[in-house]
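# Reading the structure
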Amino acid sequence: MKINQFSKFAAAAALAVASMGASAALIDFKDAAWGTAISGPPSTATATVGGVTLTASNYGSQLGFTSYLTWSSTHGVGINTLVPLTGDLNRDEVGWLEKLTITFSSPTDVQSVLLSKFYKNELITGTEKFDISANGGAATTFTASGTNPFTGTFAFTGANYLELQGNKLGSEASVQGINVATLPTAPTNGEVPLPATLPLLGMGLVAFAGLSRRRQSA
């Protein structure tokens, strides 16, 4: 009887943990915390909030191009590249020669990426395309549909970092958010954070043990 009760409890606990892991969370780049972290212009090429770090880069650095992050409460994050003599390039959006790297403090299961200001046939280049890759792997290319925000379904388990950039000349978009299974948590004092479900499971086991002891004493 006791073994059967424990088996039922273990099954219920496993189901609860699985349901928690399946829930989605949003990394919202429209949040004012990102505006504070980026605080531009002139701004920084990197910013961190919680367990997420953004880094702006470009493919013309050897020619003197410099890039920094930009932020909007409406569209999220983008990149502004300063081009010598000609001025700014792709203000507030991640463009063709620019790359936004999103690094997580711990491996993260990504479900989709929300892009803003990413439209079809907005520019003379025609249909816009945008590339997303994880952990340095092959990129997945998304074609603009005209919706805002555009949802790029990008399922990847255990992403350490994402890289986003325009696929061709004229293609660009702001990054509004990322849907993940659970939010990455920044380590405290160099410690590796435990999954939030582990303390809950431990509390449940302690409570169950106490209940069993009370029944035995009765």
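Counting restarts for each chain: residues are numbered from 1 in the order of the written sequence. Since the coordinates come from a predicted model, pLDDT governs what is reported: local features require at least 70, and pairs of side-chain atoms require 80 or more to be given and counted, while whole-chain, interface and lining totals use all residues. Values reported for side chains reflect all heavy atoms of the structure, with hydrogen atoms and water molecules removed beforehand.

Secondary structure elements follow DSSP: runs of H or I of four or more residues count as helices, runs of E of two or more count as strands, with numbering from the N terminus. Of regular secondary structure, the protein chain possesses three helices and 13 strands. Counting over 218 residues, the protein chain shows a buried share of 35%. Two residues form a contact once any of their heavy atoms are found within 4.5 Å. Of the contacts formed within the protein chain by residues at least 6 apart in sequence, a portion of 67% connects residues at least 24 apart. For the area figures, the Shrake-Rupley method with a 1.4 Å probe applies, and any residue is considered shielded solely by the protein chains shown. Split by element, the accessible area of the protein chain, about 11,500 Å² in all, is 61% carbon and sulfur. Summary of the burial criterion: residues with accessible area below 20% of their type's maximum are buried, those above 50% are exposed, and those between are partly exposed, where the area comes from a 1.4 Å probe applied to protein chains only.

Further remarks concern the nonpolar core. To define a nonpolar core, start from buried Ala, Val, Leu, Ile, Met, Phe, Trp, Tyr and Cys residues and group those joined through side-chain atoms within 4.5 Å. Membership of the largest hydrophobic core comes to 34 residues, with the highest contact counts inside it found for F29, I102, L162 and I178. Taken together, the elements giving at least two residues each to this core come down to β1 (25-28), α2 (32-38), β3 (52-58), β5 (76-83), β7 (98-116), β10 (129-134), β12 (150-166) and β13 (174-180). No other element matches the six residues that β7 contributes to this core. Dropping the residues within four chain positions of it, I102 is found in contact with F29, V52, T53, L54, N160, Y161, L162, L164 and I178.

What follows deals with the pattern of salt bridges. In the sections that follow, a salt bridge refers to a side-chain nitrogen of Lys or Arg positioned within 4 Å of a carboxyl oxygen of Asp or Glu. According to the stated counting rule, one finds two salt bridges in the structure shown. A salt bridge links K117 to E93; its shortest N-O distance comes to 3.6 Å. Here the residue K117 occupies a position in the loop between β7 and β8 (120-123), and E93 occupies one in the loop between β6 (87-89) and β7, the gap between them amounting to 24 residues. The pair formed by K117 and E93 is uniform in burial state, with each residue classed as buried. We note a salt bridge from E163 to K99, for which the minimum N-O separation is 3.3 Å. A residue pair is termed long-range when its members are at least 10 positions apart, and E163 in strand β12 and K99 in strand β7 qualify at 64 residues.

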